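Below are the chains, spelled out letter by letter.
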Amino acid sequence: VQLVESGGGLVQPGGSLRLSCATSGFTFRRYAMSWYRQAPGKERELVAGITSTGGSTNYADSVKGRFTISRDNAKGTVYLQMNSLKPEDTAVYYCYTRWSSSIYYWGQGTQVTVSS
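Residues numbered from 1 in each chain as written. Predicted model: local features only at pLDDT ≥ 70, side-chain atom pairs only at ≥ 80, totals over all residues. Heavy atoms only, no water.

Participant: Any chance you could explain the overall build of the protein here in plain terms?
Facilitator: A count of helices and strands for the protein gives zero helices and 11 strands. From first element to last, N terminus to C terminus, the protein shows the α and β order β-β-β-β-β-β-β-β-β-β-β. Seen along its three principal axes, the alpha-carbon backbone of the protein occupies a region of about 40 × 25 × 25 Å. The proportion of buried residues among the 116 residues of the protein is 41%. Taking the contacts inside the protein whose residues are at least 6 apart along the sequence as the reference set, 51% of them involve residues at least 24 apart. For the protein, the exposed surface amounts to about 6100 Å²; the carbon and sulfur share of it is 45%. Across the protein, the centroid of the 12 positively charged side chains sits 7 Å from that of the 7 negatively charged ones. (Helix = DSSP H or I, 4+ residues; strand = E, 2+ residues; numbered from the N terminus. Buried < 20%, exposed > 50% of the residue type's maximum accessible area, 1.4 Å probe, protein only. Contact = heavy atoms within 4.5 Å. Areas by Shrake-Rupley, 256 points an atom, 1.4 Å probe, with all protein chains shown as cover. Lys, Arg positive; Asp, Glu negative; His and termini not counted. Charge placed at Lys NZ, Arg CZ, Asp CG, Glu CD.)

Below you can see the structure in the form of structure tokens.
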């Protein structure tokens with residue numbers, strides 16, 4: 001199982017980025033996917049989640065209305081569109097899937113820095 005994030009970088013406040021998480025090694029369409037982030041000195045937190053079919057999504061209050069999670073089951077990829085970025089969105093963003101209480105996978109993370 002592999003989860004590989006991309007799309008991070010340096011962006012000015014108010015800007016946008018689109019993160020991608022390309023997966024392999026499992027039947028992507030069967031599983032819910034999530035994005036988490038971890039800022040320096042802080043705990044990792046859930047940013048957004050999406051069900052296996054993409055029919056339902058959920059977001060942290062801090063990103064509602066600014067971020068959109070989506071997925072392409074044919075490509076095995078989950079996305080995070082981030083708009084109106086703020087300095088407090090600076091963090092390492094991780095792709096995550098959990099299949100049971102003991103089976104879960106993380107990507108390696110991609111750095112997002114929001115700064116002028």
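Participant: Can you walk me through the side chain of S20 in this structure?
Facilitator: Residue position: S20 is located in strand β3 (residues 17-24). We classify S20 as buried; its relative accessible area is 18%. Setting aside residues no more than four positions away along its own chain, S20 makes contact with V4, E5, S6, W35, T77, V78 and Y79.

Participant: Hey, could you run me through the pairing of strand β8 (residues 77-82) in this one?
Facilitator: Two faces, one strand: in a regular strand the side chains alternate between the faces of the sheet. Counting buried residues along β8, five of its six residues qualify, which places the element largely inside the surrounding structure. Here β3 runs beside β8; their pairing, made up of six bridges, is antiparallel. Within β8, the position partnered with S20 by the bridge is Y79. Where strand β7 (residues 67-72) lies against β8, six bridges are found, and the strand directions are antiparallel. When the bridges of β8 are listed, I69 appears paired with L80. The turn linking β7 back onto β8 is made up of four residues, and G76 within it adopts a positive phi angle of 65°. (Pairing = 2+ DSSP bridges.)

The analysis is restricted to geometry; functional conclusions fall outside its scope.
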